[in-house]
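Each chain, written out:
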Amino acid sequence: MLATTTAFAQTQPPATVSADTAVAPNSGVPVGPAAEEQIVVTGSRIRRALSDTIEPTQIINSQQIETRGYTNIGQALAELPAIAPGINGSGAQSALGAGQTFVDFFGLGTQRTLTLVNGRRFVSSNTASIFGPTDSGSQVDLNTIPTNLVERIDIVAVGGAPIYGSDAISGTVNIVLKHDYHGLELDAQQGINNAGDGENHRIRGLAGLNFGGGRGNITVSGEYNQSSGLLDTDRAVTAAQTFFTTPPAGSAFQQVLITNRRIPALSEQGIPYVSDLFALSPAQVASGNFGGQPTVTNAAGQAVRFSPGGGLVPIDFGTATGNLINFSGGNGFSLAPTGNLSTPTKRYLGNILGSYQFTDGVRGFFEDWYSRTRGTNLVAQPLYNTALFDVAGAPNGNLIIDINNPFLTAASRATIAAALPAGQTSFYLGRANTDLQSGIATSTIDLFRTVAGLDGSFHIGDRAFTWEVVGNYGRSVSNSTSPQVVTQNFNNAVDAVLSPTGTITCRPGAVSANIATISPTCAPLNVFGQGATSQAALNYILANASAREVNEQVVATASVTGQPFQLPAGGVGLVLGYEHRDERARFEPGQYYFGDPQPDGTRSAYGAGSNFDPIAGGFYTNEGFGELEVPLVSHDMGWRFIDTFELKAAARYVQNSQAGGDFTWTGGGRLSPIAGLTFVGNYTRAIRAPAITEAFNPTSPNFVLANDPCDSRYITSGPNPARRAANCVAAGINQPFQSNIVDFTSKGSVSGNPNLMNEKANSWTVGIQARPKFIPRLAINADWVHIDLQDAIVSLGAQDIFNACYDATSYPNDFCGRIDRDPATHQVTFVRSGYLNAASLKYAGLLAGIAYSIPTPFLGATGKISLNGQYQYIDKLERRAGTGDITTGAGTIGFSRHKATADIDYSSDALGLQLQAQYIGPAVFNADEKPGVRDVPGVGGIVFVNASAAFNVSKTYIFRISVDNLFQQRPPYPALADPGVAGFGGGAERTYYEGIIGRSYRVSATVRL
């Protein structure tokens, strides 16, 4: 796949791959006429042949981007087996960053993959708030990169930290742009899914002009891209709501799969209650007898809820499970309509690149960037009023409704009044307010970036050296808006009464919240049924919540490169350089998210969620770096048992104003005992500095979920189930016990830590590259990658804290003090988390690739068939917080142990065809569970097939068509089930997105002048 060489699919031949060159996908090593061309390869600042890389390297060239019709660089990266399901426009989105795309190499986190453009850092668009779209860090949003300006993408494992600095723990993604482009290219593309939805379209232009007798060049690109969104309810497979839950008594399993998950304790239309709780005893659940609930019943003794029209109808509980909340079927609340499958986005990109050769030894260059990205999260879970979350009258608790509320029908009032104890004049109402707060949220990101510099060459004696001085400034501004319910106004509107004239109004004397809503005039709100809410009431209770994020980056780099002396095997390559980097971030939550300041210094929330804290911080670094390449044996020396042998070393010292000084280095080499067979390897110490959020975040409230170890579903799990059970007994928790935090969020907080140290990873790779002379144009590569990250910065979440408390040899310990439980019920009421250097992450796996091409003169003078394949085997992927339980990612959904992508291409001057197969191996829902815990432990493997064709009508006109999921393959059942476990966050929706969407098409037309 990664270097398909259909000549017509390129604007111009890439610097490293010609139409006659096959590329082995993992090492990026070409075979053919271009093999000896000297370029700057990612992972080194020394100019070299691409075949000289020692780190596992994968390449995506411009042809592949055009052939597949990618509208985003992230789509191209996602087809590589080693790229984990990162953050993109599918699935649930953050209100502070909808539609963004970040890459995750090896599944170690998006914050540990360094993304560069032309070997230089790029300003991040990730928010500094803990409520952002991904982990804290300086991740680059790939939406900001224009696809038509990309020459190639280099993906280099492990070794980039000494070359580029912090963040390259997993590896480096370097997007190399076209340069010295001359000509004009216009194209348009339209896409649609087989179901007739999910439309996307793109218009692009690229123009370049040489001037000054060829000494100068100006290249301009522009792109407009728009894609529509989809809901979970738009596809049957996501609307099915498959879910794992506790089975009824007598089951052989601890977790069983149900379909059509429903929560009868909630309703979009409302459920009236006699008292402030919803509870069923285990005996009631087991017998299917729902009588005696603290809810209103009709004359037949059936629990009732409001219908969409406002009348009372029986609750259909469906089929009971062993869980007090989750049922299968019935008319309880379904989460399917609250799921976002893909995010509608609009992107506007404009770029200008220029260079001018002032003298033979001095060249000036610049890049100017602008992008605007607008993403919209379509839906999310609504505002809840339920006893499951809080006490009645609290923002998330049941509503307290006067029995004389004028919106009640006479029949409903009579039924409820009959159920109330004598003298009680109000009842409780539980409701999922999907008609009030849908979760729609829009983020608009404006990014500005400029790069300017000089480079050139000079001689010292007969030795040639090159130099570069370059400055880089970037600024990303994100503005997010979302309509949010103001609790005080909401309560005023719910408290409706009849006026003396007989009209329904708000109760006189109601005082509105100290924040502007769409309308300041109170209007009564009908919460019985659905769709009866007036626009006037909505305008009174909704405020346009907004937040603003600003990221700024300044980088200045100077370096000199050359070969100061010669050895018999060749010149010794040397790089020396200095870099200064300044990173700053500021998050402004706006009035709604900030909350209402109180006289005692606290802030009360305007809504039912947490207050967002403002964040402002930054750091700067001063970094010195060097690189050395020493050829010891060359082919020309004619040694009998060693064809070539070279060593490489690089080092960088980073003085960080926040985290202090640290040293990162790498050493490795290449050994070819015979021509065509090469062994490579390197050992690297990499670092990642604390992100601004991790260091500067104040103590912020949040909501958390966790698998409580003392819950009956998890009491037998963990590294030592007997110890876990004993610690839970010591806490006073006896079985059977079901913890609410498993199914519903609990309150918590998270705090930053200014004393964080750098993360440190010791990593190594060993590999083999085979290019047998007796099979021309064949390249085979295999590399073993091992990453051991210590002092990993984590926000110790609820799950980490629970495990560290109840699985420890000593109980109670410091982690237990972070958990508050109700003394009577033992339910979790609060969890305190924060950032610490308290985790370890490990990855070990095999990357392999093959590339082969066969000229086909019998099909045309320029015809060629190419085969490219890549494979990843994950041997180890695990995470451990403190001394807690190890979480295994290898083999889980999103991180199948076996993944592969293979392409077969035919290309000629007039025609290009590609057939691509993507294999995702079997996976389990929880790799740490013992056999027999689930009735369905995992899913099988699957293959998605994609096809593309391109037609050169002439040198001027090209038409392309690309089909994804050609055979309409569905995800393996039941991959989309919610496993109810904390893991690496592979994300079934992102892993099997093609299968969920179904077959999709893209057609495009290109004009080149």
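Reading the values: rules and limits
- Residues numbered from 1 in each chain as written.
- Predicted model: local features only at pLDDT ≥ 70, side-chain atom pairs only at ≥ 80, totals over all residues.
- Heavy atoms only, no water.
- Helix = DSSP H or I, 4+ residues; strand = E, 2+ residues; numbered from the N terminus.
- Rg over C-alpha atoms; globule rule 2.2 N^0.38 Å.
- Buried < 20%, exposed > 50% of the residue type's maximum accessible area, 1.4 Å probe, protein only.
- Contact = heavy atoms within 4.5 Å.
- Areas by Shrake-Rupley, 256 points an atom, 1.4 Å probe, with all protein chains shown as cover.
- Lys, Arg positive; Asp, Glu negative; His and termini not counted.
- Charge placed at Lys NZ, Arg CZ, Asp CG, Glu CD.
- Salt bridge = Lys/Arg side-chain N within 4 Å of Asp/Glu carboxyl O.
- Pairing = 2+ DSSP bridges.
- Disulfide = S-S within 2.5 Å.
- Patch = residues over 30% accessible without salt bridge, like charges linked within 9 Å, V, L, I, M, F, W, Y side chains within 5 Å.
- 1 Å grid on protein atoms, 1.4 Å probe; cavity = no way out; pocket = protein on both sides within 12 Å on 5 of 7 lines; lining within 4 Å.
- Points joined across faces, edges and corners; volume = space filled by probe spheres on them.
- Nonpolar A, V, L, I, M, F, W, Y, C, P; charged D, E, K, R; others polar.
- Polar contact = N/O pair within 3.5 Å; in protein donor to acceptor, adjacent residues only side chain to side chain.

**Some details on the overall build of the chain**
Next, step 1: Along the backbone of the chain there are 14 helices and 58 strands.
Next, step 2: Against the compact-globule benchmark of 30 Å for 1009 residues, the chain has a radius of gyration of 31 Å, which places it among compact chains.
Next, step 3: Summarising its shape, the C-alpha atoms of the chain cover approximately 105 × 60 × 60 Å along the three principal directions.
Next, step 4: In the chain, buried positions account for 58% of the 1009 residues.
Next, step 5: Long-range contacts, defined as pairs at least 24 residues apart, comprise 72% of the intrachain contacts of the chain with a sequence gap of at least 6.
Next, step 6: Accessible surface, the chain: about 36300 Å² in total, of which carbon and sulfur atoms supply 59%.
Next, step 7: Of the charged side chains in the chain, 65 are positive and 77 negative, and the gap between their average positions amounts to 2 Å.

**A closer look at the pattern of salt bridges**
Side-chain pairs of opposite charge can arise whenever the charged atoms involved come near each other.
Next, step 1: In this structure the tally under the stated criterion is 40 salt bridges.
Next, step 2: One salt bridge in this structure joins Arg 688 and Glu 759, with 3.0 Å as the shortest N-O distance. One end of the pair, Arg 688, is in strand β43 (residues 677-688); the other, Glu 759, is in strand β46 (residues 759-770), with 71 residues separating them in the sequence.
Next, step 3: The class of Arg 688 is buried, set by a relative accessible area of 1%.
Next, step 4: Arg 832 is the partner of Asp 820 in a salt bridge, and the nearest nitrogen-oxygen pair spans 2.8 Å. Here Arg 832 lies in strand β49 (residues 828-855) and Asp 820 lies in strand β48 (residues 819-821), a separation of twelve residues in the sequence.
Next, step 5: Residue Asp 820 is classed as partly exposed on the basis of its relative accessible area, which comes to 27%.
Next, step 6: Note on Arg 832: relative accessible area 29%, which makes it partly exposed.
Next, step 7: In this structure, a network of salt bridges that share partners links the residues Glu 579, Arg 581, Glu 583, Glu 623 and Arg 652.

**Focus: the sheet that holds strand β22 (residues 319-320)**
Next, step 1: Read across the sheet, three strands follow the order β18-β23-β22 without closing on themselves; strand pairing throughout is antiparallel. Each edge of the sheet is formed by a strand with only one pairing partner; in this case those strands are β18 (261-262) and β22.
Next, step 2: Strand direction decides the pairing type here: β18 and strand β23 (residues 327-328), joined by two bridges, are antiparallel. When the sheet's bridge partners are listed, Arg 262 is paired in β23 with Phe 327.

**Quick notes on the state of the cysteines**
Next, step 1: Going through the model one piece at a time under the given rule, you end up with three disulfides.
Next, step 2: Note that Cys 506 is cross-linked by a disulfide to Cys 522, the S-S spacing being 2.0 Å. Measuring the twist about the S-S bond at about -90°, one finds the Cys 506-Cys 522 disulfide to be left-handed. Of the two residues, Cys 506 sits in strand β33 (residues 504-506) while Cys 522 sits in the loop between β33 and α8 (535-541), which places them 16 residues apart along the sequence.

**What to know about a nonpolar patch on the surface**
Next, step 1: Taken together, the side chains of Tyr 653, Phe 663, Trp 665, Tyr 683, Trp 764 and Val 766 define a hydrophobic patch exposed on the protein surface, amounting to about 560 Å² of accessible area.
Next, step 2: Looking at the nonpolar patch, the elements that each hand over two or more residues are β42 (660-674) and β46.
Next, step 3: By the element assignment, Trp 764 lies in strand β46.

**Re empty space enclosed by the protein**
Regions of empty space are outlined by a rolling probe, equal in size to a water molecule, passed over the atoms.
Next, step 1: Scanning the entire structure with this criterion turns up twelve cavities of 30 Å³ or more.
Next, step 2: Size it by volume and the second largest cavity reaches roughly 140 Å³.
Next, step 3: Considering the residues around the second largest cavity, the lining is formed by 19 residues, among which Gly 137, Ser 138, Asn 551, Ala 585 and Ile 692 are closest to the centre.
Next, step 4: Breaking the lining of the second largest cavity down by element, the ones donating at least two residues are β34 (542-562), β37 (573-588) and α10 (692-696).
Next, step 5: No other element matches β34, which puts four residues into the lining of the second largest cavity.
Next, step 6: Residue composition of the lining of the second largest cavity, grouped by class: six nonpolar, nine polar and four charged.

**Quick notes on the environment of Arg 152**
Next, step 1: Within the fold, Arg 152 resides in strand β10 (residues 150-157).
Next, step 2: Taking the C-alpha atoms as reference points, Arg 152 and Asn 952, separated by 800 residues in sequence, lie 22 Å from one another.
Next, step 3: Reaching out from Arg 152, the side chain makes a polar contact with the side chain of Asp 154 at a distance of 2.9 Å.

**Quick notes on the pairing of strand β31 (residues 463-485)**
Next, step 1: Two strands pair when backbone bridges link them, and strand β30 (residues 441-460) and β31 are joined in this way by 19 bridges, in the antiparallel orientation. Its bridge partner lying in β31, His 459 is registered against Ala 464.
Next, step 2: Between β30 and the antiparallel strand that follows it, β31, lie two residues; Gly 461 among them carries a positive phi value of about 65°.
Next, step 3: Pairing of β31 with β34, which is carried by 21 bridges, proceeds in the antiparallel orientation. Paired with Ser 478 across the two strands is Glu 549, which belongs to β34.

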